Amino acid sequence: MIIQQHRGQVSGSRKNPFNQPKNPEYQKSRNAASNIDGTDFSGHSLDRLQDRGIPISVVKEAINHGVKSDLGNGISKYHDAKK
């Protein structure tokens, strides 16, 4: 799983981990931004996690134990190869 963190907010997807940092007008967020166990999640990232059936615990595992790569501009990518 690949997770990207952008200025403190987490987002993820399999093909493009940070492909849409803000929802377009026609795609309203179902979730409000939230802090869950000390990690800030955007409403968009929570929507995508729900859409893909990815639990928050998987995201936290990747952040806490995965390999971090800094991509610049405040963006970090986390990779945890465990399945």
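Going by the structure above, here's the rest.
Okay, so let's go over this structure. (Residues numbered from 1 in each chain as written. Predicted model: local features only at pLDDT ≥ 70, side-chain atom pairs only at ≥ 80, totals over all residues. Heavy atoms only, no water.)

1. Quick notes on helix α2 (residues 56-65)
Then, in step 1: Along α2, the residues classified as buried are Val-59, Lys-60, Ala-62 and Ile-63. Projected down its long axis, α2 carries its buried residues within an arc of 160 degrees, all on one side. Opposite the buried face of α2, by more than 90 degrees, sit the exposed residues Ser-57, Asn-64 and His-65. (Buried < 20%, exposed > 50% of the residue type's maximum accessible area, 1.4 Å probe, protein only. Helix = DSSP H or I, 4+ residues; strand = E, 2+ residues; numbered from the N terminus. Arc of directions from axis to C-beta.)

2. Re the environment of Lys-82
Then, in step 1: Its place among the elements puts Lys-82 in the segment after β6 (75-79).
Then, in step 2: As a C-alpha pair, Lys-82 and Val-58 span 24 residues in sequence and 9.9 Å in three-dimensional space.

3. As for unusual backbone geometry
Then, in step 1: One non-glycine residue, Asp-37, adopts positive backbone phi at about 50 degrees.
Then, in step 2: As for its position among the elements, Asp-37 is in the loop between β3 (34-36) and β4 (39-41).
Then, in step 3: Given the relative accessible area of 66%, Asp-37 is considered exposed.
Then, in step 4: Of note in this structure, Asn-73 is not a glycine but carries a positive phi near 55 degrees.
Then, in step 5: The topology assignment puts Asn-73 in the loop between β5 (67-72) and β6.
Then, in step 6: A residue is classified by how much of its surface remains accessible, and Asn-73, at 65% relative accessible area, is exposed.

4. Things to note about the pairing of β5
Then, in step 1: Relative to β6, β5 runs antiparallel, the two sharing 5 bridges. Paired with Asp-70 across the strands is Ser-76, a residue of β6.
Then, in step 2: In this structure, the hairpin formed by β5 and β6 is closed by a connection of 2 residues, where Asn-73 is found at a positive phi of approximately 55 degrees. (Pairing = 2+ DSSP bridges.)

5. Concerning the nonpolar core
Then, in step 1: Counting residues in hydrophobic clusters, the biggest one holds 7 residues: Phe-41, Leu-46, Leu-49, Ile-54, Val-59, Ile-63 and Tyr-78.
Then, in step 2: Where this core is concerned, the elements lending two or more residues are α1 (43-52) and α2.
Then, in step 3: In contact with Leu-46, other than residues within four places in its own chain, are Asn-31, Ala-32, Ser-34, Ile-36, Phe-41 and Ile-56. (Core = buried A, V, L, I, M, F, W, Y, C linked by side-chain atoms within 4.5 Å. Contact = heavy atoms within 4.5 Å.)

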